Structure formats: structure tokens, C-alpha cells
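# Chain and residue survey
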Amino acid sequence: MNVKDPNRSASSEPSASPASAGLRFVGEPMAALATASGASAVAMIRLSGAGCLPLLEKLLRRRTQAPAQPRVMMMAQFIDPENQAVVDELMVAVFHGPASFTGEDAAELYCHGGPYIVGRILHILYAHGFRPAEPGEFTRRAFLQGKMDLSSAEGIKQLVEAQTEQQWLAARQLATGRFARTIEELRASLVESLAYLAARIDFPDEGDTQDVDLSMVRMRVEKVMQRIQKLEDSYGSGRVAAQGLMVTILGRPNMGKSTLMNTLLGRERAIVTEHAGTTRDYLEEPCRVRGRLIRLVDTAGVREARDAVEKVGIARALELAQDSDLILLLNAADAGPEDRAETERLEAQLGPERCLRVLTKADLGTPAWAKGWLTISCQAERGLEQLESEIVKRVDGFVGKLSEEPFVSSARHLAALQTAKADLVAFFNAEAAGHYDELLAFELQNAARALSSILGTIDVEDVLDKIFRDFCVGK
Ligand SMILES: Nc1nc2c(ncn2[C@@H]2O[C@H](COP(=O)(O)OP(=O)(O)OP(=O)(O)O)[C@@H](O)[C@H]2O)c(=O)[nH]1
Ligand SMILES: [Mg+2]
């Protein structure tokens, strides 16, 4: 079979990243504290950029004059060139690009972690050829040098920020490149299909092999589509892992919703009063329940709204409940028949499987209608352990579904996969309608492009700023 290089045909795959296109990005020398600021035993200052090693060498005094060996820890004195004072005795390791985190020449200084020492070393570096690194700039350069793809860079950020096992799990599959490899496989399969199509376009008269070829393309694309669907399906669980289970507290006014929010958070976040209608807008807070991350949402009490503000608040409460993984439907022990009827209506509207009926203010008694309700009293600190167990069970239910298979945990990745899938649907529609191979190739190319956007191999500038902006300095 004559398979043409798709990169040279009209239906070529989108252009690659600057690094893989052979255009090496040259970064100017930069430096930043990579460890947390404040007093600590040791602090690490990271340097990277073209020509950074000779600049650093001028500021160090080592025991030997032999050239620094890369990737080996060495003792050195850090000197202030103004007065030759020894600022600190430290350890230093140098790296020769591309064998470094950024892919550039780089170094790491391990100095004593006092704010004065760190500040003075940075001050000297900035006065001698280095500039302060911007947030995420080390990882950004690693990306630009082709050391990692964009989804892995996003994973590194999440790894640093992970506070729970579930977040670590989601971050790791990105940071290790496991997710990227899956996306790359799918993209490669589409590129190969494009190559088949290109061959048909360029050699239209080679007769009876044509139908066979197209069915091969169809099979391949079908398989890619199935795998994209599977990835999309994993987002329900992946999102809970990375962002936390969304738990909304819902119910009539005065049922103790804000009190429960405060109790779970362990601080007075929401205003609590005896007046019905105290909470008007919703409040969302990340919260850890026995080591699991949840996004806890307190809402305005649902009732016939008294004014425009309350009306909007109640509408928001219902929208949020719609988007939630778990809805805590609250009714207090002294609730009237109207309150209970409203709770039942809400439960039916939102789907009983997502709702958990919670009886609050159990210190006032446990009415007969509340049989089977999870019973709590924030005031008497009763029943809260059972409520926590229910939340934990739901988080683990989602996260436990995440197997060794790659999964989607970011909205950005999900959106790109959805675009790719829509393009593949368009491909099948065009194919069923008997359209020209050129049009089929166009749809496949769009799908490949959408997958490339996850890896950052195309159209990246706009996403780059958005992603790296939220990094911490030194990463
Ligand atoms: N006895 C008793 N009172 C409680 C308990 N929890 C909350 N309350 C009281 O119930 C009243 C209403 O509490 P909130 O937490 O503001 O109720 P809410 O559901 O947020 O009310 P809205 O914001 O108006 O919808 C306050 O006076 C609380 O002190 C409880 O466990 N026992
Ligand atoms: Mg409230």
C-alpha cells in the first residue's frame, strides 16, 4: 500500500509544538525560590536559562577549580561580589540542557532556609544577570522545550496543590504522562487514518482497493470514537477525584442549613439567625471530610420568594442542586406539614438517588414522620459521624470506580474530547452521505486538532497564559 506522509499532503496534521518543530526556545536566565517562603531548615533556589551556569559560577567559590559535574551535589560558598562576603555555605547541583527539568541549562541551590539568606541570594542573583521567574515559568519552559506536554504540566500543578489522596490520584495520571499517552495514541490513530485517506485522494484510480481502504478507516475511527466515549464517561468520577464531591445543602428556610455548613467546616462561615430567609445567596467552600475533598454549598431556603433578591437566590439554589453529586435535603424536627411536602417535591424533582434526607435539630425530638431519615443535631453534636460516613461512602463510590484505565478529570480536557467526538460524528455523517474523501479528511483533521489541544501541540498561546498564570513561583 502506498501510504503517503500525511505531513506533506494537503490534509496534513496540524503543526507541532515549537520544540518538536525544531525551533528551540531560548529562555533568558531566571531564578526563583522553589520551596515555600518563611524560615525552614533548607530552601531551594532554582535557576534556569541560556548562559545561567557561567553567571552562577562567578558567584560561587568551590574547593576545586575542576568544572562542575552535572547532576552531582557539590559544596560551595555563595559570594556577594560587592564585598566578597560569604553569604552562605550551600549545596549546588548543575544540569546541562536538555537533561534538566526545563530542558535548559539549570541549577539548584540548597541554602539555609532563613528569609534573610534567601532574600540576599536572590537579590545578588537579580543584580548579576538573572531575572525573577514568573509563576509557573519553569514548567512553561519545560513545555516549550518539549520536555512535557501541556496535560502533564497541568498535572504537575495539581500534584503540588493536592491535599487529598483523591486529588493526588488525579494529578498523578496527568503528571506522569499516562493520560497524555492515551490521547497521543488516539491522535496517532486518526493521523494514520488521514494517511489512508490521503492515499485515496492522491491515487484515485487504483481501483478495487478503495472500498477496503475506506472500511479500514471507518473501523479505526469507530474505535477511536469508542475510546473517547469511555474517557468522557469517566469524567463523573474523575471530576470528583480532582475537584471534590459537590454536596449541596437544600431545604426550606430555618432548617439549619447554614448551621450544618459551619459545623462541617469547623468554622463560622455562614450567617446563622433565627429569622427565616437569612441566607440569600449561595456559599461554596472546599471542605475535607475524613481526608476526602468535597465542595460544600449552602443555599437560600426554598419558599415563595418575598422579593427579587430572594427569588434569584432560590433559583440559584435549585440550579446548584441540579449540578450536585449529593443533595442533603434538610427538614428540622419542628418542621410543619408544608415544609415536608416541599421536601418531597424537591426530592422528586431532583431525583431521589442523589438526595439524602436529613432530619436536623433532633435535640427538639424525633417526630414519627422522620423514620428512616438520617438524624442529626448540630447543637447537641449528634449524628454527625453518620452523616460524614454517608459523604465518605459517596466519594469513595466515585473514586473507587477509577481503575488503572486513564480517566478525565479536567473540564478543559473534557471539552476538547467532546469537540473531537463531534468532529468524528461529522465524519461518519459525511461518509454515510457519500461525500468526497477531502471532506472526510477535513473532519478527521479537526478531531485530531482537538486532541492536540489537550497536549498543547497546536494553538497553544491563549491556553498557555491561562494555565501557567495560576502556578506558584518556582514551579
Ligand atoms: N435546637 C436547635 N436549633 C438549631 C440547630 N441548628 C440550627 N438551629 C437554629 O435554627 C435557626 C436557623 O438556623 P440556620 O442555620 O440559619 O438555618 P438555615 O436553614 O440556614 O436558614 P435560612 O438561611 O433562613 O434558609 C437558628 O436559630 C439556629 O440556631 C440544632 O441542631 N438544634
Ligand atoms: Mg442559611
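Our subject is the structure that appears above.
The present account deals with the structure reproduced in this document. (Residues numbered from 1 in each chain as written. Chains lettered and ligands numbered in written order. Predicted model: local features only at pLDDT ≥ 70, side-chain atom pairs only at ≥ 80, totals over all residues. Heavy atoms only, no water.)

### With respect to the coordination of the magnesium ion (ligand 2)
Coordination of the magnesium ion (ligand 2) by the protein is provided by Ser258 (OG) and Thr279 (OG1), with metal-donor distances spanning 2.0 Å. Linking Ser258 in helix α9 (residues 257-265) with Thr279 in the loop between α9 and β9 (283-289), this pair joins segments that are 21 residues apart in sequence. The two residues Ser258 and Thr279 agree in class, both being buried. (Donors = N, O, S within 2.8 Å, 3.2 Å for Na, K, Ca; no water. Helix = DSSP H or I, 4+ residues; strand = E, 2+ residues; numbered from the N terminus. Buried < 20%, exposed > 50% of the residue type's maximum accessible area, 1.4 Å probe, protein only.)

### Here's the deal with the packing of aromatic side chains
Applying the stated criterion across every chain, the model contains two aromatic pairs. With centroids separated by 5.4 Å and ring planes inclined at 80 degrees, the aromatic side chains of Trp369 and Trp373 adopt a geometry described as edge-to-face. According to the relative accessible area criterion, Trp369 is partly exposed, its value standing at 23%. Among the residues examined, Trp373 registers a relative accessible area of 11% and is labelled buried. Ring geometry for Phe427 and Phe428: centres 5.2 Å apart, planes at 75 degrees, overall edge-to-face. Taken individually, Phe427 and Phe428 each receive the classification buried, so the pair is uniform in this respect. Here the basic side chain of Arg46 rests over the ring of Phe101, its NZ or CZ set 4.7 Å away from the ring centre. The ring of Phe138 carries Arg46 above its face, with NZ or CZ at 5.2 Å from the centroid. (Phe/Tyr/Trp six-rings, centres within 6.5 Å; stacked < 30°, edge-to-face > 60°. Lys NZ or Arg CZ within 6 Å of the ring centre and 35° of its normal.)

### Considering the side chain of Asp298
Note on placement: Asp298 falls in strand β10 (residues 292-298). Here Asp298 occupies a buried position and makes no salt bridge, while the nearest side chain of opposite charge, Lys257, is found at 5.8 Å. Polar contacts involving the side chain of Asp298 include one to the side chain of Ser258, which spans 2.6 Å. The residues touching Asp298, leaving out its near neighbours within four places in the chain, are Ile249, Lys257, Ser258, Met261, Ala270, Thr279, Asp281, Tyr282 and Leu283. (Lys, Arg positive; Asp, Glu negative; His and termini not counted. Salt bridge = Lys/Arg side-chain N within 4 Å of Asp/Glu carboxyl O. Polar contact = N/O pair within 3.5 Å; in protein donor to acceptor, adjacent residues only side chain to side chain. Contact = heavy atoms within 4.5 Å.)

### Thoughts on the environment of Ala195
Checked against the element boundaries, Ala195 lands in helix α6 (residues 178-202). Along the sequence, Ala195 and Ala441 sit 246 residues apart, while their C-alpha atoms lie 9.1 Å from each other.

### A word on the site of ligand 1
Taken together, 22 residues form the shell around ligand 1, and within it Lys257, Thr259, Gly277, Thr278 and Thr279 come nearest. In the model, an oxygen atom of ligand 1 is placed 2.8 Å from a nitrogen or oxygen of the Thr278 main chain. Gly301 is positioned such that a nitrogen or oxygen atom in its backbone is 3.3 Å from an oxygen atom of ligand 1. Computed on the free molecule, ligand 1 has an accessible area of 650 Å², of which 89% lies beneath the protein chains in the complex. Of the residues belonging to the shell around ligand 1, the class tally is six nonpolar, twelve polar and four charged. (Near = heavy atom within 4 Å. Areas by Shrake-Rupley, 256 points an atom, 1.4 Å probe, with all protein chains shown as cover. Nonpolar A, V, L, I, M, F, W, Y, C, P; charged D, E, K, R; others polar.)

### With respect to the packing of helix α5 (residues 165-175) against helix α8 (residues 235-243)
Helices that pack against each other are described as a pair by the angle of their axes relative to one another and the distance between those axes. α8 packs onto α5 with a crossing angle of 115 degrees between their chain directions and a minimal axis gap of 6 Å. For the crossing formed where α5 meets α8, the hand is left-handed. In this structure, α5 contributes Gln166, Gln167 and Ala170 to the contact, and α8 contributes Val240, Ala241 and Ala242. (Axes fitted to C-alpha atoms, helices over the stretch in contact; angles between N-to-C directions. Left-handed = near helix turned anticlockwise from the far one by under 90°.)

### Observations regarding the nonpolar core
Generally speaking, soluble globular proteins have nonpolar side chains that are buried together. Within the largest apolar cluster, 36 residues are counted, with the highest numbers of intra-cluster contacts made by Leu260, Ile294, Leu296, Leu328 and Leu387. The set of elements that each furnish at least two residues to this core consists of α8, β8 (245-251), α9, β9, β10, β11 (326-332), β12 (355-360) and α12 (384-399). With six residues, the single largest contributor to this core is α12. Those residues in contact with Ile294 that lie beyond four places of it in its chain are Gly244, Leu245, Val247, Glu285, Pro286, Cys287, Val289, Ile391 and Val395. By size, the runner-up hydrophobic cluster in this structure holds 35 residues, among which are Leu424, Phe427, Ala447 and Ala450. (Core = buried A, V, L, I, M, F, W, Y, C linked by side-chain atoms within 4.5 Å.)

### Observations regarding the sheet that holds β8
With mixed pairing, six strands are arranged side by side in an open sheet as β9-β10-β8-β11-β12-β13. With one partner strand each, in any of the chains shown, β9 and β13 (374-375) form the two edges of the open sheet. As paired strands, β9 and β10 are joined by seven bridges and run antiparallel to one another. Pairing of Cys287 across the sheet is with Ile294, part of β10. Relative to β11, helix α11 (residues 337-350) is tilted by about 170 degrees, and along the sheet it contacts β8, β11 and β12. (Pairing = 2+ DSSP bridges.)

### Some remarks on helix α10 (residues 308-322)
Between its terminal C-alpha atoms α10 stretches 21 Å, which fits the 21 Å expected from 15 residues at 1.5 Å a residue. Along α10, the residues classified as buried are Glu310, Gly313, Ile314, Ala317, Leu320 and Ala321. All buried residues of α10 fall inside an arc of 125 degrees around its axis, so they share one side. Set apart from the buried face of α10 by more than 90 degrees, the exposed residues are Ala308, Lys311 and Glu319. Looking at the packing, one finds that the buried side of α10 touches β8, β10, β11 and α11. The opening residue of α10 is Asp307, an N-cap whose side-chain oxygen sits 3.0 Å from the backbone nitrogen of Val309. (Expected span 1.5 Å × (residues − 1). Arc of directions from axis to C-beta.)

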